[in-house]
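Spelled out from the first residue to the last, the chains are:
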Amino acid sequence: RYLKPKVYKFKESHIKPFNGKYKNSKSYKPSIRFETEPGEQAQVDWGSFGKIVINGRTERLYAFVYILGYSRMKYVEFTIKQNLQTLQNCHIHAFEKLGIVKTILYDNMKTVVLKRDRESNLEPTYNSDFYDFTKHYGFEILLSHPYWPREKGKVEAFIKTLRNDFMNGMKFGRDFFSIGDLNGKVNRWLDEESNKNIHRTTGERPFIRF
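The structure presented is a predicted model; accordingly, all values stated were derived computationally and were not measured.

Draft legend 1. Focus on the nonpolar core. Ranked by internal contacts, the top residues of the largest apolar core, which has 27 residues, are Phe64, Tyr66, Ile104, Tyr106, Val112 and Phe130. Every element with two or more residues in this core is listed here: β3 (41-54), β4 (57-68), α1 (84-98), β6 (103-106), α2 (128-137) and β9 (140-143). Per-element accounting of this core gives the leading share, six residues, to α1. Here Tyr106 is in contact with Val44, His91, Val112, Phe130, Phe139, Ile141, Leu142, Leu143, Ser144 and Lys152, once residues within four sequence places are set aside.

In structure tokens:
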């Protein structure tokens, strides 16, 4: 299916310059931080967390991350797959926990968009099954610009936090014994710490803002 992507109008933005040796280079582009209204936008991405061995089989470990733009409330689900069915199930679980927003921002993952011309303004070809899923649950797809991950800065930043503050030092067979066990632990961490700690950008606790 050929679908015209929605043009998102930023309601509030300011330039946040880089700090570093590339600041004065020709390729330097400033980061743009933007805030959205309650219920307006979420960001979704996958994080990769190495490998684990389950029943003698080596599997890659991924984390599905859904973060609300306004409140910064987060939902995380660890999986060993990134296929369409897994992506849809993770969305459903996130919706049950945090609700459904008007738009969700993605990168160019194949389960969402099959083809996109990086050199022109041609309309992207969305995955028709995922597009049907969006219509069923009543939200619209937003796509970040190719090769510009900072456009999804909220979810990108949180994946780093998840890696450093939660998964750092965690070992399968010692700290968790199954995917279900790991998901139980990350949900407790979100409820007791991450979603309760004051966010440095908003200056508020995500669960209060939510």
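Draft legend 2. Spotlight on the pairing of strand β5 (residues 74-79). For β5, a buried count of six out of six residues is recorded, marking the element as mostly surrounded by other parts of the structure. Connecting β4 to the antiparallel partner β5 that follows it, the hairpin turn spans five residues, and Arg72 within it adopts a positive phi of roughly 70°.

Draft legend 3. Geometry of the pattern of salt bridges. Applying the stated criterion to the full structure yields four salt bridges. Across the pair Arg57 and Glu59 runs a salt bridge, and its minimum N-O distance is 3.4 Å. Between Arg209 and Glu204 there is a salt bridge, with the nearest N and O atoms lying 2.7 Å from each other. Given a relative accessible area of 33%, Glu204 falls into the partly exposed group.

Draft legend 4. Structural detail: the environment of Ile80. Along the chain, the position of Ile80 falls in the loop between β5 and α1. For Ile80, the residues in contact, after removing those within four places along its chain, are Ile52, Ile54, Glu59, Arg60, Tyr62 and Ile179.

Draft legend 5. Molecular detail of the packing of aromatic side chains. Under the counting rule described, the total for this entry stands at 16 aromatic pairs. Here Phe49 and Phe78 contribute two aromatic rings whose centre-to-centre distance is 5.6 Å and whose plane-to-plane angle is 75°, an arrangement assigned as edge-to-face. You can see Phe49 sitting in strand β3 and its partner Phe78 sitting in strand β5, a full 29 residues away along the chain. According to the relative accessible area criterion, Phe78 is buried, its value standing at 1%. Relative to Trp189, the ring of Phe158 has its centre 6.1 Å away and its plane inclined at 25°; by these criteria the two rings are stacked. Here Trp189 lies in helix α4 (residues 179-194) and Phe158 lies in helix α3 (residues 153-166), a separation of 31 residues in the sequence. Accessibility expressed as a relative area gives 6% for Phe158, which makes it buried. With a relative accessible area of 9%, Trp189 lands in the buried category. Each member of the aromatic cluster is reached from another via a ring pair, and the members are Tyr66, Phe95, Tyr106, Phe130, Phe133, Tyr137 and Phe139. For Arg163, the ring lying beneath its charged end belongs to Phe49, and the centroid distance is 4.5 Å. One residue, Lys196, lies across the ring of Phe207, its end atom 5.8 Å from the ring centre.

Basis of the calculations
Residues numbered from 1 in each chain as written. Predicted model: local features only at pLDDT ≥ 70, side-chain atom pairs only at ≥ 80, totals over all residues. Heavy atoms only, no water. Core = buried A, V, L, I, M, F, W, Y, C linked by side-chain atoms within 4.5 Å. Buried < 20%, exposed > 50% of the residue type's maximum accessible area, 1.4 Å probe, protein only. Helix = DSSP H or I, 4+ residues; strand = E, 2+ residues; numbered from the N terminus. Contact = heavy atoms within 4.5 Å. Pairing = 2+ DSSP bridges. Salt bridge = Lys/Arg side-chain N within 4 Å of Asp/Glu carboxyl O. Phe/Tyr/Trp six-rings, centres within 6.5 Å; stacked < 30°, edge-to-face > 60°. Lys NZ or Arg CZ within 6 Å of the ring centre and 35° of its normal.

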